[in-house]
Amino acid sequence: MTTMTTRKPSSAYVHIPFCSQICYYCDFAKVYIKNQPVDRYITTLLAEFAAEQITSLKTLYIGGGTPTALSAAQLDRLLSGLRQGLEMSALQEFTVEANPGDLSDDKIAVLKHHQVNRVSLGVQTFNPRLLKKIGRSHTPEDVLETIAKLRAAGFDNITIDLIYALPGQTLADVEEDLDILLSLNLPHVALYSLILENHTIFMNKMRRGRLDLPSEETDFEMYTYIMDRLQAAGYAHYEISNFGQKGYQSAHNLMYWDNAEYYGFGAGASGYVAGVRYKNHVPIHHYLERSDKKVVRDKLSLKEQIEEELFLGLRKQSGINTQAFTTKFGQDFDLVYGKVVADLIDRQLLNRVGQQISLTRQGLLLGNDVFQAFLLDDDQNFLLQ
Ligand code: SF4
């Protein structure tokens, strides 16, 4: 029995680690763009991409950092290089992340020229006081203007990221963000609860007792409000943090939650190819200088593969299909997880309808408790079969 696929991945992630500001909550692989070797980075990244000799992809996602912190000429060179040798008619979803303040007319023209068909804007909130508080340099007006310009250029597939449970944010603030969001009638939105990460300005403030975060109860209230409001407005809540109108679910992100394989290019990018997860070197100068860009982890054990399948799959509204699990891993789902699932159903955290297992509304709120229950003991018998 093997779960390893011999097919080449049909998705790729490309990381641009430069930003024109550093946000207080961010722990992504990124640096302030000033005085960075951006052109050399693009050259190195394109060489890494070319070495894989990829001719066909279904989804290509350029994230960061901030890809639109590049100049229009640099963006043009990057996108030209990535497209070289790619059969563009096969590429269903081509996403570029952008910061509202960065998207000038010439950059939008570059995206259009290279057939980018999805733009993801890092909005975070429409509240000017909160934008300042989290270290963002754009204004709410920048967001509205950028969306109008993108639409005028023919982009209809626009998604925005919003964050809730920000310091000093109230439920009324979240309601206002949702009012503005819905007035824009965007086809897709991702909403994340603020997570405090190590080595961020916010974590420093927290340690010094200077961060007024909403309570866990308020966080739940905000999430519940967001779910209800967006569902009532016709958005499918297709993943814990993602909501889409019909036909606008992100194919690239669904690929991650389906536990499929993908390439990762650029400093700090992760990939999953031929059953092996890897992460590229970071910081940038390590990535530029090493001839082998990847730090490869051991091939995943069966136990790790099964746990990842559950953690990722249960994030989706559709959840996990027990028959598909059995086919993929050669293990009877109920022998492995029957007791765990029965217990979580008793606690009203999981639903089971036929072969489909998914989080309940309560399960969405307590996702981490559910995921922990699916961790396997090292010595579980089924692994020896
Ligand atoms: S949140 Fe985005 S724009 Fe802000 S520092 Fe992080 S990667 Fe850069």
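Residues numbered from 1 in each chain as written. Predicted model: local features only at pLDDT ≥ 70, side-chain atom pairs only at ≥ 80, totals over all residues. Heavy atoms only, no water.

1. Concerning helix H5 (residues 140-152)
(1) Moving on: With 13 residues, H5 extends 19 Å between its outermost C-alpha atoms, agreeing within 8% with the 18 Å of an ideal straight helix rising 1.5 Å per residue.
(2) Moving on: Pro 140, Val 143, Thr 146, Ile 147 and Leu 150 are the residues of H5 that are buried. For H5, the arc enclosing every buried residue in end-on projection is 125 degrees, short of the 170-degree limit, so these residues lie on one face. Pointing more than 90 degrees away from the buried face of H5 are the exposed residues Glu 141 and Ala 152.
(3) Moving on: The secondary structure elements touched by the buried residues of H5 are helix H3 (105-113), strand E6 (118-124), helix H4 (128-133), strand E7 (158-164) and helix H6 (171-184).
(4) Moving on: At the C-terminal side of H5, Gly 154 shows a positive phi close to 100 degrees. (Helix = DSSP H or I, 4+ residues; strand = E, 2+ residues; numbered from the N terminus. Expected span 1.5 Å × (residues − 1). Buried < 20%, exposed > 50% of the residue type's maximum accessible area, 1.4 Å probe, protein only. Arc of directions from axis to C-beta. Contact = heavy atoms within 4.5 Å.)

2. Comments concerning the sheet that holds strand E15 (residues 320-321)
(1) Moving on: Sheet architecture is open: three strands sit in the order E15-E17-E16, paired in antiparallel fashion. Looking at which strands have only one partner, the edges of the open sheet turn out to be E15 and strand E16 (350-353).
(2) Moving on: Note: E16 against strand E17 (residues 356-359), four bridges, orientation antiparallel. Residue pairing across strands places Val 353 opposite Gln 356, the latter belonging to E17. (Pairing = 2+ DSSP bridges.)

3. Some details on the pairing of E6
(1) Moving on: Of all seven residues that make up E6, seven are buried, and the element is covered over most of its length.
(2) Moving on: With burial as the criterion, each face of E6 is covered, one bearing Arg 118, Ser 120, Gly 122 and Gln 124 and the other bearing Val 119, Leu 121 and Val 123.
(3) Moving on: Sheet topology places strand E5 (residues 93-98) next to E6; four bridges connect them, and they run parallel. Paired with Val 96 across the bridge in E6 is Val 119.
(4) Moving on: With H3 bridging E5 and the parallel E6, this β-α-β connection has right-handed handedness.
(5) Moving on: Pairing between E6 and E7: five bridges, direction parallel. Considered in E7, the bridge of Ser 120 is made with Thr 159. (Right-handed = clockwise from strand over helix to strand, strands pointing away.)

4. Quick word on the pattern of salt bridges
(1) Moving on: Scanning the entire structure with this criterion turns up 13 salt bridges.
(2) Moving on: Linking Glu 239 and Arg 315 is a salt bridge whose minimum nitrogen-to-oxygen distance equals 2.5 Å. Placement of Glu 239 in strand E9 (residues 236-239) and of Arg 315 in the loop between helix H11 (302-313) and E15 is noted, with a sequence separation of 76 residues between them.
(3) Moving on: Relative accessible area serves as the criterion here: at 24%, Arg 315 is assigned to the partly exposed category.
(4) Moving on: Of the charged contacts, one joins Glu 309 and Lys 328 as a salt bridge, the two residues approaching to 2.8 Å between their closest N and O atoms. Separated by 19 residues along the polypeptide, Glu 309 in helix H11 and Lys 328 in helix H12 (residues 322-329) bring together distant segments of the chain.
(5) Moving on: Residue classification places Glu 309 among the buried positions, given a relative accessible area of 14%. (Salt bridge = Lys/Arg side-chain N within 4 Å of Asp/Glu carboxyl O.)

5. Describing the packing of aromatic side chains
(1) Moving on: Enumeration according to the criterion identifies 15 aromatic pairs in this entry.
(2) Moving on: Taken together, a centroid distance of 5.8 Å and an interplanar angle of 25 degrees make the contact between Tyr 263 and Phe 265 stacked. A single burial state applies to Tyr 263 and to Phe 265, both of which are buried.
(3) Moving on: Measuring from centroid to centroid gives 5.7 Å for Phe 333 and Tyr 337, while their planes differ by 50 degrees, and the two rings are tilted. Of this pair, Phe 333 and Tyr 337 both sit in helix H13 (residues 333-346), four residues apart, which is roughly one turn of that helix.
(4) Moving on: Classification of Phe 333 as buried rests on a relative accessible area of 2%. (Phe/Tyr/Trp six-rings, centres within 6.5 Å; stacked < 30°, edge-to-face > 60°.)

6. As for the site of the ligand
(1) Moving on: Around the ligand, a shell composed of Cys 19, Gln 21, Ile 22, Cys 23, Tyr 25, Cys 26, Phe 28, Lys 30, Gly 65, Thr 66, Asn 99 and Arg 136 is seen.
(2) Moving on: Split by residue class, the shell around the ligand holds six nonpolar, four polar and two charged. (Near = heavy atom within 4 Å. Nonpolar A, V, L, I, M, F, W, Y, C, P; charged D, E, K, R; others polar.)

7. Structural notes on the domain arrangement of the protein chain
(1) Moving on: Looking at the assigned domains, one finds that the protein chain contains domain 1 (11-257) and domain 2 (319-385).
(2) Moving on: For domain 1 and domain 2, the distance between their C-alpha centroids amounts to 31 Å.
(3) Moving on: Contact residues are listed per partner, giving seven residues for domain 1 and six residues for domain 2.
(4) Moving on: Taken together, the two surfaces of domain 1 and domain 2 that pack against each other cover about 600 Å², and 72% of this comes from carbon and sulfur.
(5) Moving on: The partner of Asp 228 in a salt bridge is Arg 361, and the shortest N-O contact between them spans 2.9 Å.
(6) Moving on: One can count one residue pair in polar contact (both at pLDDT 80 or more) joining domain 1 with domain 2. (Domains from an automatic or database assignment. Buried area = accessible area lost by both parts, 1.4 Å probe. Polar contact = N/O pair within 3.5 Å; in protein donor to acceptor, adjacent residues only side chain to side chain.)

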